[in-house]
Amino acid sequence: MTITVYSKSGCPQCVFAKKYLEAKEIPFEEKRVDLEDVYLDEVKELGYLSLPVIADSTGNHFNGYVPEKMEALVATWQA
């Protein structure tokens, strides 16, 4: 399973989400929507208008820094 974090500069929730994954030693790919328009298009295709958006390769995704959802993602990764 791969994890993608869509983020942008100056987004506190994006920073929290990335730091959480780093603290749990979960590898992820960061896609900065402020640097690449195609990443913004991907976020919109998922149905979101705010960041961060966290997606995994199994089709699960959510937006925002939501501790319960982050914990579930880590549990799935570690399983």
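Residues numbered from 1 in each chain as written. Predicted model: local features only at pLDDT ≥ 70, side-chain atom pairs only at ≥ 80, totals over all residues. Heavy atoms only, no water.

- Named according to an unreviewed UniProt entry, the protein chain is NrdH-redoxin originating from Aerococcus viridans.

**Observations concerning the overall build of the protein chain**
Move 1: Broken down by element type, the protein chain carries three helices and four strands.
Move 2: Scanning the protein chain from its N terminus toward the C terminus, one meets helices and strands in the order β-α-β-α-β-β-α.
Move 3: Taken over the C-alpha trace, the protein chain has a radius of gyration of 12 Å; the compact-globule value for 79 residues is 12 Å, and the two agree within 12%.
Move 4: Taken over 79 residues, the protein chain has a buried fraction of 34%.
Move 5: A fraction of 61% describes how many contacts in the protein chain between residues 6 or more apart in sequence connect residues 24 or more apart.
Move 6: For the protein chain, the accessible surface area stands at approximately 4,800 Å², while carbon and sulfur atoms represent 49% of it.
Move 7: Positive and negative charge centroids in the protein chain, built from 8 and 13 side chains respectively, lie 5 Å apart. (Helix = DSSP H or I, 4+ residues; strand = E, 2+ residues; numbered from the N terminus. Rg over C-alpha atoms; globule rule 2.2 N^0.38 Å. Buried < 20%, exposed > 50% of the residue type's maximum accessible area, 1.4 Å probe, protein only. Contact = heavy atoms within 4.5 Å. Areas by Shrake-Rupley, 256 points an atom, 1.4 Å probe, with all protein chains shown as cover. Lys, Arg positive; Asp, Glu negative; His and termini not counted. Charge placed at Lys NZ, Arg CZ, Asp CG, Glu CD.)

**Section: the nonpolar core**
Move 1: Counting 11 residues, the largest nonpolar core consists of Ile3, Val5, Ala17, Tyr20, Leu21, Ile26, Ile54, Phe62, Met70, Leu73 and Val74.
Move 2: At the level of secondary structure, the elements contributing two or more residues to this core comprise β1 (3–7), α1 (12–23) and α3 (67–78). (Core = buried A, V, L, I, M, F, W, Y, C linked by side-chain atoms within 4.5 Å.)

**Here's the deal with the packing of α1 against α3**
Move 1: The N-to-C vectors of α1 and α3 enclose an angle of 30°; their axes lie 11 Å apart at closest approach. Both α1 and α3 take part in a crossing whose hand is right-handed. For the pair α1 and α3, the contacting residues are Ala17, Tyr20 and Leu21 in the first and Met70, Glu71, Leu73 and Val74 in the second. (Axes fitted to C-alpha atoms, helices over the stretch in contact; angles between N-to-C directions. Left-handed = near helix turned anticlockwise from the far one by under 90°.)

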